[in-house]
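So you can see what is in the structure, the chains are spelled out below.
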Amino acid sequence: MISTVTLNREGDIAIMRIDNPPVNALSPATVRDMDATFRAFESDAATRALLIECAGRTFIAGGDISVFDDPSFSPAPLNALLDRIEASERPVIAILHGTVLGGGLEVAMAAHHRIAAPGTRIGMPEITLGLVPGSLGTQRLPRLAGLATAFELISTGRPIEVERALEAGIVDAIAENPQAAARDAAHRLAAQPARLRRASRIEVPDAAELPAVLADAARLAASKPHQPAYAEIGPCLAAACGDHAAGAAVEASAFARLIPSAPARALRHVFLADRRAQRIPGLPEATESRPVAQVGILGVGTMGGAIAMAFANAGFAVTLVETSQDALDRGLGIVARNYAASVKRGRLSEAEAAERQARMTGHADMAALADADLVVEAVFEDMELKLDVAAKLGAVCKPGAIIATNTSTLDVDRIAAATGRPTDVLGTHFFSPAHVMRLLEVVRGRNTAPDVLATVMRIARRNGKTAVVSGVCYGFIGNRMAEVYMRESEAMQLEGASPADIDGVAEDPALWGMAMGPSRMLDMAGVDVGARTVIEWIKSGEGPQDPSYRILCRTMFEEGLHGQKTGAGYYRYEGREALPNPALGDLAGRLAAGHGVSRRAPLPREEMLERLLFPMINEAATILSEGIALRPSDIDVVWTAGYGFPAWRGGPLFMADEIGLGRIVARMDHYAAILGNARGYWNVAPLLRQLASTGARISDWTSTGEEA
Ligand code: COA
């Protein structure tokens, strides 16, 4: 086997070079190779110092997350190596570049001296994986940088810029040429071996701050009682103020408790699922992209304007087109206001905002799109209008230009056909506000060319989006599942539950932990927007022909209860504060009477949870068996990146496996029996029933039986 680590000699200096692409993650093999290499250094008395450096784009970006699920994984071999490195009589110097994260920072802190290239970023992201650092990071970091800085890095997981790391004492120098600086330092330090700094032997500089830091840590832990990693931070930092070996033992036992915990397993699942979503089976990685420099946006409403911003923010030149100068001015006004808001919130400097806006040009004539390499059509969600626009775009756009139709529900294949060049077409479903929300559903039409799909997936990444491929169906992956969630939310309101009861269950981290329950979400997105879609769906004949189907939101729409924008929806709004809306309860009561729904409040919380969640999981099983989603983990990415599903629950399908498919099927059958199933809402998806009967996990399911 080829080693991922090599040892070279340059005169009397040894250089350990780690080369484990893409990010030099510390796999068990790499740790073994580092160990063997360090042994070789130890036994070569002719060298006076060791430099540790990495090939490629970054220093070690952390432990290898993909092996954390292996029950035999242990940080002990790395930790023992780090203690030996630190104890070395000859100086060890780490040369840092790129992202020095987690295990990477822990390796660096075991060295005696750290020299970083400009632009290096330094952090402890373990908390985002439901962990605390497990290779003495909780012990060496407070000794080098103090408790307050260590608490900040460990509890937020956010990396800091190298200048701050220098100020904090985490790195010793920033150098334009870190290689040369490291060689100088090696000679200097080798001359004074008695003065080598060993982090584990340094006293925590701000130990007097311990009570204050522990109080902050306790408050944070209390606010996240279902994410156990937060509760381990305080004790680890307290232990760093004492004996190193005892502190190491405190950290080791915390890490051992956390690594198999459900939130940690869920968070690593989401991390790997996010990246897996970029890979499309059958589409070779080598598929060439079509060149895209100039992007056109047709339709500059709230959505089109924000999409234009997403592209301009990523450096594309953007041409915005509306049907009239008035509409264009309104659209450009939205963009200008959004940028001003970002500047006000401190997210952008005025200069950055101006630079991004300068990448945009507006036109009131579709001919301006003739030069665009990619056009996103974001006109109003109306099939006739979309078909008309598609035909025009098919004619205006240059050969080879990609046409993306932005829609949350419409049939992308019909729109593609209307362009007369369906291979160039796919759908995009941006989430609102499009310049902020991370998720992008990329809808692959029946005829979408492979290079068109590959191009848009890559561009999405450049735009900072998490893109997930969906097939064509009503609502694609996310909204199709949201539809059954909303259906039950409204059905329960007719039965007598209040929006706050239902949202309270969805948002309760002890049960679930959604960022927003269904009613709060729809009030924010606009009841009118949601209702119009449902009304169209029913009208098309495809949606349920059930007079009581989502009758609550359809009636709210007619009565002008459109949510936050009208000051009243499921809730009544005073400013941004949501208060109970008595009119809504009355309306639900009237509708229940009119549709023969018996009132049975209060509904048990368990029932509210199950009726929101289980139909979604069931729908997801159908989405998988129809091939709409490429794999189960893509569904989890859609929900965690786009709908406020807590990542520490892993997404709906990860959560389904945690609950157990057998239980879900049994409860679906139970609700069919107690609520009636005349409309088939409680029919269990054949795939779900089959997996439940064999004790399989839905997360492991693949259409081909190959690795997901
Ligand atoms: N372990 C295993 N694989 C990792 C990894 C890790 N710690 N960090 C990144 N990778 C892999 C990704 O899965 C991806 O693989 P793929 O190309 O097969 O999909 C590849 O490295 C590139 O990562 P990606 O995130 O797509 O690249 P990026 O340039 O946007 O970001 C990092 C690079 C390092 C900033 C980012 O990957 C990151 O934050 N990684 C996690 C670091 C971490 O949490 N470390 C602590 C672990 S305890």
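Everything quoted here is computed from the prediction, not taken from an experiment. (Residues numbered from 1 in each chain as written. Predicted model: local features only at pLDDT ≥ 70, side-chain atom pairs only at ≥ 80, totals over all residues. Heavy atoms only, no water.)

### Re the pattern of salt bridges
Any two side chains of opposite charge can pair, so long as their charged atoms come close to each other.
For step 1, the next point in the chain: All chains considered together, the criterion is met by 47 salt bridges.
For step 2, the next point in the chain: The partner of Arg290 in a salt bridge is Asp451, and the shortest N-O contact between them spans 3.1 Å. Here the residue Arg290 occupies a position in the loop between helix 11 (262-276) and strand 10 (294-298), and Asp451 occupies one in helix 17 (residues 450-462), the gap between them amounting to 161 residues.
For step 3, the next point in the chain: Judged by relative accessible area, Asp451 falls into the partly exposed class, the value being 23%. (Salt bridge = Lys/Arg side-chain N within 4 Å of Asp/Glu carboxyl O. Helix = DSSP H or I, 4+ residues; strand = E, 2+ residues; numbered from the N terminus. Buried < 20%, exposed > 50% of the residue type's maximum accessible area, 1.4 Å probe, protein only.)

### Examining helix 13 (residues 325-344)
For step 1, the next point in the chain: The first and last C-alpha atoms of helix 13 sit 28 Å apart over 20 residues, in line with the 28 Å expected at 1.5 Å per residue.
For step 2, the next point in the chain: Of the residues making up helix 13, those classed as buried are Ala327, Leu328, Gly331, Ile334, Val335, Tyr339 and Ser342. The arc that holds the buried residues of helix 13, viewed along the axis, is 125°, so those residues lie on one side. In helix 13, the exposed positions that point more than 90 degrees away from the buried face belong to Asp326, Arg330, Arg337 and Lys344. (Expected span 1.5 Å × (residues − 1). Arc of directions from axis to C-beta.)

### With respect to the packing of aromatic side chains
For step 1, the next point in the chain: Taken as a whole, this structure holds 12 aromatic pairs when the rule is applied.
For step 2, the next point in the chain: Ring geometry for Trp537 and Tyr549: centres 6.1 Å apart, planes at 65°, overall edge-to-face. With Trp537 in helix 21 (residues 527-539) and Tyr549 in the loop between helix 21 and helix 22 (551-558), this pair connects stretches of sequence that are 12 residues apart. Each member of the pair, Trp537 together with Tyr549, is buried.
For step 3, the next point in the chain: Taken together, Phe431, Tyr485, Trp512, Trp639, Tyr643 and Phe645 form an aromatic cluster joined through their ring pairs.
For step 4, the next point in the chain: When the ring centre of Phe41 is taken as origin, the NZ or CZ atom of Arg90, which lies over that ring, is 4.1 Å away. (Phe/Tyr/Trp six-rings, centres within 6.5 Å; stacked < 30°, edge-to-face > 60°. Lys NZ or Arg CZ within 6 Å of the ring centre and 35° of its normal.)

### What to know about helix 5 (residues 147-156)
For step 1, the next point in the chain: Within helix 5, seven of the 10 residues are buried, which leaves it mostly tucked inside the rest of the structure.
For step 2, the next point in the chain: Of all the residues in helix 5, the buried ones are Leu147, Thr149, Ala150, Phe151, Leu153, Ile154 and Ser155.
For step 3, the next point in the chain: Elements in contact with the buried residues of helix 5: strand 7 (121-123), helix 4 (137-145), strand 8 (160-161), helix 6 (162-168), helix 8 (210-223) and helix 9 (229-240).
For step 4, the next point in the chain: Backbone geometry just after helix 5 places Gly157 at a positive phi near 75°. (Contact = heavy atoms within 4.5 Å.)

### Description of the sheet that holds strand 17 (residues 466-470)
For step 1, the next point in the chain: Taken in spatial order, the eight strands line up as 12-11-10-13-14-15-16-17 in an open sheet, and their pairing is mixed. The open sheet has two edge strands, strand 12 (360-363) and strand 17, and neither has a second partner. For this sheet the average axis-to-axis angle between neighbouring strands, irrespective of direction, equals 25°.
For step 2, the next point in the chain: Of the strand pairs in this sheet, strand 11 (residues 317-321) and strand 12 are connected by four bridges, and their pairing is parallel. Each residue of the ladder has a partner; that of Thr319, found in strand 12, is Thr361.
For step 3, the next point in the chain: Where helix 13 meets the sheet, it contacts strand 11 and strand 12, and its direction lies at approximately 160° from that of strand 12.
For step 4, the next point in the chain: Together, strand 16 (439-443) and strand 17 form the strand contacts of helix 25 (residues 632-642), whose direction differs from that of strand 17 by roughly 135°. (Pairing = 2+ DSSP bridges. Axes fitted to C-alpha atoms, helices over the stretch in contact; angles between N-to-C directions.)

### Structural notes on the domain arrangement of the protein
For step 1, the next point in the chain: What the domain assignment reports for the protein is domain 1 (5-260), domain 2 (294-470), domain 3 (475-603) and domain 4 (605-708).
For step 2, the next point in the chain: One C-alpha centre belongs to domain 1, the other to domain 2, and the line joining them spans 43 Å. (Domains from an automatic or database assignment.)

### Observations concerning the packing of helix 18 (residues 478-495) against helix 25
For step 1, the next point in the chain: For the pair helix 18 and helix 25, the least separation of the axes is 10 Å and the interaxial angle reads 70°. In terms of orientation, helix 18 and helix 25 fall into the roughly perpendicular class. From helix 18, Gly478, Met481 and Ala482 reach across to helix 25, where they touch Ile635, Val638 and Trp639.
For step 2, the next point in the chain: Residues belonging to the contact of helix 18 with helix 25 are distributed by class as follows: five nonpolar, one polar and no charged. (Parallel < 35°, antiparallel > 145°, perpendicular 65-115°, else oblique. Nonpolar A, V, L, I, M, F, W, Y, C, P; charged D, E, K, R; others polar.)

### Description of the site of the ligand
For step 1, the next point in the chain: The environment of the ligand is formed by 19 residues, the closest being Arg57, Gly63, Ile65, Arg275 and Arg461.
For step 2, the next point in the chain: Between an oxygen atom of the ligand and a side-chain N or O atom of Arg275, the distance comes to 2.8 Å.
For step 3, the next point in the chain: Between Arg461 and the ligand, the recorded distance is 2.7 Å, taken from a side-chain N or O atom to an oxygen atom.
For step 4, the next point in the chain: Considering the ligand on its own, with 860 Å² of exposed area, one finds that the protein chains cover 72% of that surface. (Near = heavy atom within 4 Å. Polar contact = N/O pair within 3.5 Å; in protein donor to acceptor, adjacent residues only side chain to side chain. Areas by Shrake-Rupley, 256 points an atom, 1.4 Å probe, with all protein chains shown as cover.)

### Things to note about the nonpolar core
For soluble globular proteins, the rule of thumb is that nonpolar side chains tend to be buried together.
For step 1, the next point in the chain: Judged by nonpolar contacts, the single largest core of 76 residues is most densely connected at Trp512, Ile635, Trp639 and Leu688.
For step 2, the next point in the chain: If one sorts the elements of this core by residue count, helix 24 (residues 605-625) sits on top with 11 residues.
For step 3, the next point in the chain: Residues within four places of Trp512 in sequence aside, it is in contact with Tyr485, Val505, Ala506, Leu609, Leu612, Leu613, Met616, Phe645, Pro646, Trp648, Arg649 and Met655.
For step 4, the next point in the chain: By size, the runner-up hydrophobic cluster in this structure holds 70 residues, among which are Leu81, Ile85, Ala145 and Phe255. (Core = buried A, V, L, I, M, F, W, Y, C linked by side-chain atoms within 4.5 Å.)

### Quick word on the environment of Leu50
For step 1, the next point in the chain: Inspection of the secondary structure assignment puts Leu50 in strand 3 (residues 49-54).
For step 2, the next point in the chain: Residue class for Leu50 comes out buried when judged on its relative accessible area of 0%.
For step 3, the next point in the chain: Spatially, the C-alpha atom of Leu50 lies 9.2 Å from that of Asp12, the residues being 38 residues apart in sequence.
For step 4, the next point in the chain: When neighbours within four sequence positions are excluded, Leu50 is seen to be in contact with Leu7, Ala14, Ile15, Met16, Phe38, Phe41, Pro91, Val92 and Ile93.

### Structural notes on the sheet that holds strand 5 (residues 99-101)
For step 1, the next point in the chain: A sheet is described by the order of its strands in space; here three strands give the open sequence 5-7-8, paired in mixed fashion. In this open sheet, the two strands that pair with only one neighbour each are strand 5 and strand 8.
For step 2, the next point in the chain: Direction of pairing for strand 5 relative to strand 7: parallel, over a ladder of three bridges. Of the residues in strand 7, the one forming a bridge with Leu101 is Gly123.
For step 3, the next point in the chain: Relative to the sheet, helix 3 (residues 103-110) contacts strand 5 and strand 7, its axis offset from that of strand 5 by approximately 85°.

### Concerning the pairing of strand 16
For step 1, the next point in the chain: Within strand 16, five of the five residues are buried, which leaves the element mostly enclosed by the surrounding structure.
For step 2, the next point in the chain: In strand 16, alternate side chains face the same way, and those of Leu439, Glu441 and Val443 on one face and Leu440 and Val442 on the other are all buried.
For step 3, the next point in the chain: Relative to strand 16, strand 15 (residues 425-430) runs antiparallel, the two being bridged by four bridges. Looking at strand 16, one finds that Phe430 is bridged to Leu440.
For step 4, the next point in the chain: Direction of pairing for strand 16 relative to strand 17: parallel, over a ladder of five bridges. In the strand pairing of strand 17, Glu441 is matched with Val468.
For step 5, the next point in the chain: Following the chain from strand 16 across helix 17 to the adjacent parallel strand 17, one finds a crossover that is right-handed. (Right-handed = clockwise from strand over helix to strand, strands pointing away.)

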